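Summary of structural features
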Amino acid sequence: MSAQIIDGKKIAAQIKQEVKLEAEAYLARNGRKIGLAVILVGDDFASGIYVRNKINACNENCIQSFAHRLPASTTEEELIELIHKLNDDKTVDGILVQLPLPSHMRQNVVLSHISAKKDADGFLAENAGNLMLGNPSLNACTPCGIIELIKSTGRSIDGANAVVIGRSNIVGKPISLLLMENNATVTMCHSHTNNFINFSRHADILVVAVGKKGLIKADMVKKGAVVIDVGMNRQDGHLCGDVEYDEVKEVADFITPVPGGVGPMTIAMLLKNIVKAALALE
Ligand code: NAP
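Analysis parameters
Residues numbered from 1 in each chain as written. Predicted model: local features only at pLDDT ≥ 70, side-chain atom pairs only at ≥ 80, totals over all residues. Heavy atoms only, no water. Pairing = 2+ DSSP bridges. Helix = DSSP H or I, 4+ residues; strand = E, 2+ residues; numbered from the N terminus. Buried < 20%, exposed > 50% of the residue type's maximum accessible area, 1.4 Å probe, protein only. Right-handed = clockwise from strand over helix to strand, strands pointing away. Contact = heavy atoms within 4.5 Å. Near = heavy atom within 4 Å. Polar contact = N/O pair within 3.5 Å; in protein donor to acceptor, adjacent residues only side chain to side chain. Nonpolar A, V, L, I, M, F, W, Y, C, P; charged D, E, K, R; others polar. Salt bridge = Lys/Arg side-chain N within 4 Å of Asp/Glu carboxyl O. Arc of directions from axis to C-beta.

Taken in spatial order, the 6 strands line up as E1-E11-E8-E7-E5-E6 in an open sheet, and their pairing is parallel. The sheet is open, and its two edges are formed by strand E1 (4–5) and strand E6 (185–189), each paired on a single side. Here strand E8 (residues 226–229) runs beside strand E11 (residues 254–255); their pairing, made up of 2 bridges, is parallel. In the sheet register, Val227 faces E11, and the bridge partner there is Ile255.

Quick look at the pairing of strand E2 (residues 34–41) now. Within E2, 8 of the 8 residues are buried, which leaves the element mostly enclosed by the surrounding structure. Pairing of E2 with strand E3 (residues 63–70) involves 8 bridges; the strand directions are parallel. From the neighbouring strand, Ala37 faces E3, where its bridge partner is Phe66. The handedness of the E2 to E3 crossover, carried by helix H2 (residues 45–60), is right-handed. Here E2 pairs with strand E4 (residues 94–97) via 4 bridges, running parallel. Bridging from a neighbouring strand, Val38 pairs with Leu96 of E4.

This next bit is on the side chain of Ser176. Take Ser176: it is sitting in helix H7 (residues 172–181). Not counting chain neighbours up to four residues away, the residues in contact with Ser176 comprise Val164, Val186 and Met188.

Attention shifts here to the site of the ligand. Contacts to the ligand come from 21 residues, most closely from Arg167, Ser168, Ser191, Met232 and Thr266. Taking Val230, its main chain carries an N or O atom lying 3.3 Å from an oxygen atom of the ligand. Contact between the ligand and Thr266: an oxygen atom at 2.8 Å from a side-chain N or O atom of the residue. For the shell around the ligand, the element with the highest residue contribution is helix H10 (residues 262–281), accounting for 3 residues. For the shell around the ligand, the residue count by class is 9 nonpolar, 10 polar and 2 charged.

This part is about the pattern of salt bridges. Per the stated rule, a full pass over the model turns up 6 salt bridges. With a closest N to O distance of 2.5 Å, Glu76 and Arg106 form a salt bridge. Linking Glu76 in helix H3 (residues 76–88) with Arg106 in the loop between E4 and helix H4 (107–111), this pair joins segments that are 30 residues apart in sequence. On the basis of relative accessibility, which here comes to 7%, the residue Glu76 falls in the buried class.

This part covers helix H5 (residues 125–133). Those residues of H5 that sit buried are Asn127, Asn130 and Leu131. Along H5, the residues classed as buried sweep out an arc of 105 degrees about the axis, all on the same side. Opposite the packed face of H5, turned more than 90 degrees from it, sit the exposed residues Ala125, Glu126, Met132 and Leu133. For H5, the secondary structure elements touched by its buried residues are H7. With its phi angle positive at about 80 degrees, Gly134 sits one or two positions after the end of H5.

With that out of the way, let us pick up the environment of Asn53. Tracing the backbone shows Asn53 in helix H2. Residue classification places Asn53 among the partly exposed positions, given a relative accessible area of 34%. Separated by 214 residues in sequence, Asn53 and Ile267 place their C-alpha atoms 8.2 Å apart.

Listed below in structure tokens is the structure:
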């Protein structure tokens, strides 16, 4: 039997609905909306679209967005000065610097100036460290969305054998920690793993975050697994994941499509992070 499709759009819409109710209650209590400052430096086309989507999502869900569109010629010092102003601005609860930054800027240096309390993306060392220590933190949005998608299947994460392919700071590492926090036994694979099929074939939960179209074939997946495809690859103008969807859905019990799986969850979880940040600062 074919796998059930995990509908990321539907689950993201439910989360946005919850966010909107919390944001409206915040407005009623405080007389102002929760605020997100979004900084875009330069004119990268894709970044422009991502920023527009995030701003629209804020506007639709009772969150005030403050867009700062800066020219590519902006210096690192000027950008850091703006971040400090936003750190001190009481109407701003979350700050997001759209990546990538122009090549003359040191990304890590710039991000390190954002207050950890306003780290909407959950990328800062302080938040990543708190996640590792099991302390409250603002976590990276895509991994949080993945946990929601897995939970939506009704399959237990507790005790599951989870395999994560990819070990980036924004997806692979944090999702591994979140799965472990939910009591899965986690194996991380990466480009130096010898024959990751030896691990993936035993995974009850398989999360693939590599960025290589068609990497995961049916014979690499355990029958009945939950398969989460994080990959976003463009081919001939179409978006596709890392998983050979048509063949893997005949083996897995649950699978995310690309598009329409993990992608929509990232913005929904960003909104959730902003609310979490605002409530902590209230
Ligand atoms: P990344 O930073 O490029 O990391 C890719 C990871 O894959 C690395 O850890 C790398 O290993 C590993 N890898 C590369 N080739 C491999 C192979 N043949 N076998 C096993 N592992 C291999 O990528 P990322 O930022 O995590 O993103 C991964 C994918 O997810 C991309 O397609 C990206 O567009 C997508 N993405 C989607 C969303 C969303 O919202 N849907 C969000 C973020 C990312 P090494 O560490 O050894 O190099």
